[in-house]
Amino acid sequence: MRVHTCALAIVAIFTLIQNVFVKGNDCDKEILSSLAAEANTELDRELSLWFPRAVDRQYGGFHSVLNRDWSVQEYPHKGIIPQSRMVYITSEIAMRLPQYKDEYKEYAVQGGKFLRESMWDRQYGGFFWEVTVSGEPAAEDISEMKHAMGQAFAIFAMANLYRATRDESWLATARQAFEWLDRYGHDADNGGYQEAFYRDGRPMLTAPEDRPEMTLGKAREPLGCKSMNTHMHILIAFTALYEVWPNELLRERLSELRTILRDKIVTWPGAARQFFLPDWTPAVSYDSFGHDLQIAWYLMKAEAALGYDERDKTFSAAKKLVDHAMDYGWDQTCGGFFYNGASFSLPNDRSKFWWTQAEGLNLLLLMHRLYREDRYLSALSDQWRFIRNNLLDKEHGGWFPVTDEDGRNPRGLDRRFDQTTGGLEKCHYWKTAYHEIRALLNLADSGQYLLPDMHE
């Protein structure tokens with residue numbers, strides 16, 4: 001009798017736990033479904049605002065500056081990073097949203113043509129950092145800097161454009177850019193890549209004689225040094241290219257970059273260092289919470305592309321990055337991630353940048369899907385609430401570039417970051433549709449495409 005009673009008790013406890021688990025899953029699904037519905041609504045609104053306004057019908061490519069009211073503002077240059085980001089995101093929309101396939105494929109292809117025909121250096125190879133509005137080289141000097149980050153973004157865009165169109169010419173351009181970067185930039189002794197180059201491909205290790213004021217590269221790295229930001233973007237570019245072109249040398253470089261990001265750039269307890277000597281000796285620097293989130297995602301994507309051969313080690317490092325950003329960079333009061341800080345202290349810059357909040361959506365959603373910890377889903381809801389209530393422009397639509405920590409006082413980017421205007425523009429040199437629409441796409445489909453094996 002006693003055994004029978006104990007057995008019944010065990011069954012009852014098991015049933016209770018099972019019911020709680022099922023109810024918890026149902027609750028999670030309801031939250032994700034609600035977030036997806038809101039994201040879908042905002043996504044449609046964003047697309048109607050960005051396109052076709054952002055497309056330069058006269059010269060090709062995409063406009064560099066759109067005012068707060070979405071009117072086109074005069075601008076002097078088109079840069080490789082914003083042009084590449086727009087090609088990438090229009091290609092992604094064409095693949096992810098069937099109702100927009102033909103329209104956005106057209107936008108992506110014309111943007112790809114501008115990159116290939118106007119931004120590729122026909123004399124020396126490699127992509128220019130920037131060109132004039134009509135697509136002429138911004139300068140003909142041999143000391144006009146090219147940069148590894150620019151090459152990476154172009155590779156990233158061309159690989160995605162190939163996925164969207166299956167036009168082999170786009171893959172050929174991506175391969176050509178990879179070969180240029182690897183020929184002139186790969187550091188065979190220390191791993192990773194040189195970052196700044198003369199126009200002819202020679203590494204720019206010190207300021208050119210005719211430009212003594214040029215002491216920093218485009219990632220704000222001291223010339224001759226390496227940066228987290230550039231190598232993070234080379235990692236995701238090579239991942240995207242390897243997914244469509246499984247070349248053995250490319251795999252070797254991708255594996256090398258995974259190890260560098262995971263084991264040299266990321267340090268305990270889950271923070272990424274910013275700048276390094278060529279041998280990867282780190283400099284003392286701040287911790288950028290948004291970049292930590294991006295690195296976590298990009299490491300996991302690289303791991304997936306490489307067949308998960310070091311999954312435990314890589315995913316552990318990625319989780320530490322996200323958890324550290326939540327422990328030290330997450331605003332417990334208002335929601336959202338602060339801009340930067342130190343590894344074990346309060347944030348130094350408590351501003352809320354649009355791209356950091358967008359990457360917060362991506363990573364909190366991804367971590368919830370992978371680990372099912374309550375903190376991730378709760379923070380995801382708070383993250384979206386902060387964006388919806390504070391970053392979205394209620395009058396004109398779109399996302400403000402930056403707000404204060406409590407969401408008040410939206411403002412433009414500091415002149416250190418924005419080389420164009422620095423106001424409340426919806427589009428400028430560093431701000432395109434890329435971060436916000438990518439995050440909305442992922443939230444709208446509950447993260448099915450965050451990693452390649454997550455499709456339901």
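Relevant structure appears above.
Residues numbered from 1 in each chain as written. Predicted model: local features only at pLDDT ≥ 70, side-chain atom pairs only at ≥ 80, totals over all residues. Heavy atoms only, no water.

Enquirer: Would you take a moment to explain the overall build of the protein chain for this structure?
Expert: Looking only at helices and strands, one finds 12 helices and 13 strands in the protein chain. Taking 23 Å as the expected radius of gyration for a compact globule of 456 residues, we find that the protein chain reaches 23 Å, a close match to that expectation. Burial analysis of the protein chain (456 residues in total) assigns 59% to the buried set. Surface accessibility of the protein chain: about 18600 Å² in total, with carbon and sulfur atoms responsible for 51%. Each charge sign in the protein chain was given a centre, from 52 positive and 65 negative side chains, and these centres are 3 Å apart. (Helix = DSSP H or I, 4+ residues; strand = E, 2+ residues; numbered from the N terminus. Rg over C-alpha atoms; globule rule 2.2 N^0.38 Å. Buried < 20%, exposed > 50% of the residue type's maximum accessible area, 1.4 Å probe, protein only. Areas by Shrake-Rupley, 256 points an atom, 1.4 Å probe, with all protein chains shown as cover. Lys, Arg positive; Asp, Glu negative; His and termini not counted. Charge placed at Lys NZ, Arg CZ, Asp CG, Glu CD.)

Enquirer: Would you explain the nonpolar core in this entry?
Expert: Counting residues in hydrophobic clusters, the biggest one holds 136 residues, and the most contacted among them are Trp50, Phe51, Ile93, Phe238 and Ile437. Here the element with the most residues in this core is helix H4 (residues 148–165); it accounts for 12 residues. For Phe51, the contacting residues outside a window of four places in its chain are Phe62, Met86, Thr90, Ile93, Tyr104, Tyr107, Ala433 and Ile437. In terms of nonpolar packing, the next biggest core, distinct from the first, is built from 6 residues, Met145, Met204, Met214 and Leu223 among them. (Core = buried A, V, L, I, M, F, W, Y, C linked by side-chain atoms within 4.5 Å. Contact = heavy atoms within 4.5 Å.)

Enquirer: Sorry if this is basic, but what is going on with the packing of aromatic side chains here?
Expert: To describe a pair of aromatic rings, one takes the distance between the centres and the angle between the planes. One pass over the structure, following the stated rule, counts 23 aromatic pairs. Seen in terms of ring centroids, Trp50 and Trp70 are 5.1 Å apart; in terms of plane orientation they differ by 75 degrees. Their pairing is edge-to-face. Pair noted here: Trp50 is in helix H1 (residues 2–50) and Trp70 is in the loop between H1 and strand E1 (77–79), with a separation of 20 residues, a long-range link. By relative accessible area, Trp50 is classed as buried at 0%. Classification of Trp70 by relative accessible area gives buried; the value is 5%. Summarising the aromatic geometry, the rings of Phe51 and Tyr107 are spaced 5.6 Å apart at their centres and angled 15 degrees between planes, so their arrangement reads as stacked. Here the residue Phe51 occupies a position in the loop between H1 and E1, and Tyr107 occupies one in helix H3 (residues 101–119), the gap between them amounting to 56 residues. According to the relative accessible area criterion, Phe51 is buried, its value standing at 4%. Judged by its relative accessible area of 4%, Tyr107 falls in the buried class. (Phe/Tyr/Trp six-rings, centres within 6.5 Å; stacked < 30°, edge-to-face > 60°.)

Enquirer: Sorry if this is basic, but what is going on with the sheet that holds strand E11 (residues 347–349) here?
Expert: The strands making up a sheet associate through hydrogen bonds between their backbones, and the pairing can be parallel or antiparallel. Taken in spatial order, the 3 strands make up an open sheet running E9-E10-E11, and their pairing is antiparallel. Looking at the sheet topology across the chains shown, the edges are occupied by strand E9 (287–288) and E11. Two strands pair when backbone bridges link them, and strand E10 (residues 340–341) and E11 are joined in this way by 2 bridges, in the antiparallel orientation. Within E11, the position partnered with Asn340 by the bridge is Asp349. (Pairing = 2+ DSSP bridges.)

Enquirer: Any chance you could explain the pattern of salt bridges here in plain terms?
Expert: Proximity of charged atoms lets side chains of opposite charge pair with each other. Under the counting rule described, the total for this entry stands at 36 salt bridges. Close ionic contact of Arg68 with Asp393 constitutes a salt bridge, the shortest N to O distance being 2.8 Å. Residue Arg68 is located in the loop between H1 and E1, and its partner Asp393 is located in the loop between helix H11 (374–391) and strand E13 (402–403); the two are separated by 325 residues in the primary sequence. A salt bridge links Glu144 to Arg211; its shortest N-O distance comes to 3.1 Å. Taken together, the positions of Glu144 in the loop between strand E2 (130–132) and strand E3 (146–147) and Arg211 in the loop between strand E4 (196–197) and strand E5 (226–227) put the pair 67 residues apart, joining distant regions of the chain. Arg211 sits in the buried class, given a relative accessible area of 16%. It is possible to trace a salt-bridge network through shared partners that takes in Arg258, Arg262, Asp263, Glu303, Asp309, Glu310 and Lys313. (Salt bridge = Lys/Arg side-chain N within 4 Å of Asp/Glu carboxyl O.)

Enquirer: What is the right way to read the environment of Trp280 from this model?
Expert: By secondary structure assignment, the location of Trp280 is in the loop between strand E8 (275–276) and E9. Along the primary structure Trp280 and Gly192 are separated by 88 residues, whereas in three dimensions their C-alpha atoms are 9.1 Å apart. Here Trp280 is in contact with Asn190, Gly191, Gly192, Lys226, His231, Ile260, Lys264 and Ile265, once residues within four sequence places are set aside.

Enquirer: Mind showing me how you'd approach the environment of Met158 here?
Expert: On the secondary structure map, Met158 appears in helix H4. Note on Met158: relative accessible area 0%, which makes it buried. On a C-alpha basis, the gap between Met158 and Leu47 in space is 21 Å, while along the polypeptide they are 111 residues apart.

Enquirer: Would you mind going over the side chain of Asp445 with me for this structure?
Expert: By the secondary structure assignment, Asp445 is in the segment after helix H12 (434–444). A distance of 3.3 Å separates a polar atom in the side chain of Asp445 from the backbone nitrogen of Gln448. (Polar contact = N/O pair within 3.5 Å; in protein donor to acceptor, adjacent residues only side chain to side chain.)

Enquirer: Would you mind showing me how to read the side chain of Asn160 here?
Expert: Note on placement: Asn160 falls in helix H4. At a separation of 3.1 Å, a polar atom in the side chain of Asn160 contacts the main-chain carbonyl oxygen of Tyr88. Side chain to side chain, Asn160 and Glu92 meet in a polar contact 3.0 Å long. Every residue in contact with Asn160, bar those within four places of it in the chain, is listed here: Tyr88, Ser91, Glu92 and Met95.

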